[in-house]
Amino acid sequence: ILNVEQSPQSLHVQEGDSTNFTCSFPSSNFYALHWYRWETAKSPEALFVMTLNGDEKKKGRISATLNTKEGYSYLYIKGSQPEDSATYLCASLNYGQNFVFGPGTRLSVLP
Amino acid sequence: DGGITQSPKYLFRKEGQNVTLSCEQNLNHDAMYWYRQDPGQGLRLIYYSQIVNDFQKGDIAEGYSVSREKKESFPLTVTSAQKNPTAFYLCASSPGGSSIGQPQHFGDGTRLSIL
């Protein structure tokens, strides 16, 4: 089973701060990387699907970058708001493998 | 609204009993998945199905069984052979086929506990 890692495990920031976290995944036979947001008592929701090296995706104040050669993706949140509090999951899909999820980064935005 | 429905939300099992977790989707998706989450770990794939009447073992299939008799339904049975069934179970679906890289849509999950 391929390993997908996320750091940090948890993060507390003040409202208005910008923040970022990392997803590391196997670079060999890479096919796609997904980012999901999982709010408490809700189901995970897809944020981004990324496939190409150098991809940058943006949705409102949240953006992500992808480096498939070195096997990492960054998720950025600009001007964090309390409603951004959630666990952020990444999942890597490599050829010949199933989706492998990282353990997540739990973000708490303090008002 | 289209979505995935898992039931029940909470489930208690006595040791030695089999229990079945329900997952229904009305998104017309071909692919369906079952994941298990344990504290501090990522979602781990139990079983998946890319098409009706076909399913494949995931990374932790031992002690579980599934069926896919209808496109919209993918029930998971936790058998007595699963030695540590206490966990949170998530069902997901995606368009599948040539859309293999498309994001998955998740249900709200079932929390299974042993009495």
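Residues numbered from 1 in each chain as written. Chains lettered and ligands numbered in written order. Predicted model: local features only at pLDDT ≥ 70, side-chain atom pairs only at ≥ 80, totals over all residues. Heavy atoms only, no water.

### Details of the sheet that holds strand β6 (residues 56-59) of chain A
Two modes of strand pairing occur in sheets, parallel and antiparallel, and in both the strands are linked by backbone hydrogen bonds.
All names here are of chain A.
Point 1. Read across the open sheet, the five strands follow the order β1-β3-β8-β7-β6; overall the sheet is antiparallel. Of all the strands in the sheet, just β1 (5-7) and β6 have a single pairing partner and so form its edges. Averaged over all adjacent pairs, the angle separating strand axes in this sheet is 15°, with direction ignored.
Point 2. Examined bridge by bridge, strand β7 (residues 62-67) and strand β8 (residues 72-77) share six bridges and lie antiparallel to one another. Its bridge partner lying in β8, Ala-64 is registered against Leu-75. (Pairing = 2+ DSSP bridges. Helix = DSSP H or I, 4+ residues; strand = E, 2+ residues; numbered from the N terminus. Axes fitted to C-alpha atoms, helices over the stretch in contact; angles between N-to-C directions.)

### Some points on the interface of chain B and chain A
Point 1. At the junction of the two partners, chain B supplies 21 residues and chain A supplies 17 residues.
Point 2. At the boundary of chain B with chain A, total buried surface from both sides reaches about 1600 Å², with 62% on carbon and sulfur atoms.
Point 3. Looking only at chain B, the three residues that lose the most surface to chain A are Leu-43, Asp-59 and Phe-106 of chain B, adding up to 28% of its buried area.
Point 4. Taken together, chain B and chain A are joined by zero salt bridges. (Contact = heavy atoms within 4.5 Å. Buried area = accessible area lost by both parts, 1.4 Å probe. Salt bridge = Lys/Arg side-chain N within 4 Å of Asp/Glu carboxyl O.)

### A look at the pattern of salt bridges
Point 1. By the definition in use, this model includes five salt bridges over all chains.
Point 2. Arg-61 of chain A is the salt-bridge partner of Asp-84 of chain A, the closest N and O atoms lying 2.8 Å from each other. A residue pair is termed long-range when its members are at least 10 positions apart, and Asp-84 of chain A in the loop between β8 and β9 (86-94) and Arg-61 of chain A in the loop between β6 and β7 qualify at 23 residues.
Point 3. According to the relative accessible area criterion, Asp-84 of chain A is buried, its value standing at 3%.
Point 4. The partner of Lys-71 of chain B in a salt bridge is Asp-30 of chain B, with the nearest N and O atoms 3.4 Å apart. With Lys-71 of chain B in the loop between β7 (64-66) and β8 (76-78) and Asp-30 of chain B in the loop between β3 (19-25) and β4 (31-37), the pair connects residues that are 41 residues apart, well separated along the chain.
Point 5. Among the charged side chains, a salt-bridge network with shared partners connects Arg-36, Asp-38 and Arg-44 of chain B. (Buried < 20%, exposed > 50% of the residue type's maximum accessible area, 1.4 Å probe, protein only.)

### Regarding the sheet that holds strand β1 (residues 4-7) of chain B
All names here are of chain B.
Point 1. Overall, antiparallel pairing links the four strands, which are arranged β1-β3-β8-β7 in an open sheet. Strand pairing shows two members of the sheet lacking a second neighbour, β1 and β7, which therefore form its edges. Averaged over all neighbouring strand pairs, the angle between strand axes comes to 20°, with direction disregarded.
Point 2. One ladder, built from three bridges, connects β7 with β8; its direction is antiparallel. Across the sheet, the residue bridging to Val-66 is Leu-76, located in β8.

### Observations concerning the confidence of the model for chain B
Point 1. On average, residues of chain B carry a pLDDT of 91, and 95% of them reach 70 or more.
Point 2. Ranking the elements of chain B by mean pLDDT puts strand β2 (residues 10-13) of chain B last with 91 and β7 of chain B first with 97. (pLDDT = per-residue confidence, 0-100.)

### A short note on the pairing of β8 of chain A
Residue and element names in this part refer to chain A.
Point 1. Burial of β8 is one-sided: the residues Ser-73, Leu-75 and Ile-77 facing one way are buried, the residues Tyr-72, Tyr-74 and Tyr-76 facing the other way are not.
Point 2. With six bridges connecting them, strand β3 (residues 19-24) and β8 associate as antiparallel partners. Within β8, the residue paired with Phe-21 across the bridge is Leu-75.
Point 3. Between the end of β7 and the start of β8, which pair antiparallel, lie four residues, with Gly-71 showing a positive phi angle near 75°.

### Focus on the environment of Asp-84 of chain A
Point 1. Here the alpha-carbon distance between Asp-84 of chain A and Glu-39 of chain A, two residues 45 residues apart in the chain, equals 8.5 Å.
Point 2. Leave out the neighbours within four places in its chain, and Asp-84 of chain A touches Arg-37, Arg-61, Ile-77, Gly-79, Leu-107 and Val-109 of chain A.

### Quick word on the state of the cysteines
Residues and elements named next belong to chain A.
Point 1. Counted by the stated rule, this structure contains two disulfides over all chains.
Point 2. What pairs with Cys-23 in a disulfide is Cys-90, and their sulfur atoms sit 2.0 Å apart. Disulfide Cys-23-Cys-90: the torsion about the S-S bond is 80°, which places it as right-handed. Of this pair, Cys-23 sits in strand β3 while Cys-90 sits in strand β9, and the two are 67 residues apart along the sequence.
Point 3. By relative accessible area, Cys-23 is classed as buried at 0%.
Point 4. Exposure remark for Cys-90: the relative accessible area of 0% places this residue in the buried category. (Disulfide = S-S within 2.5 Å.)

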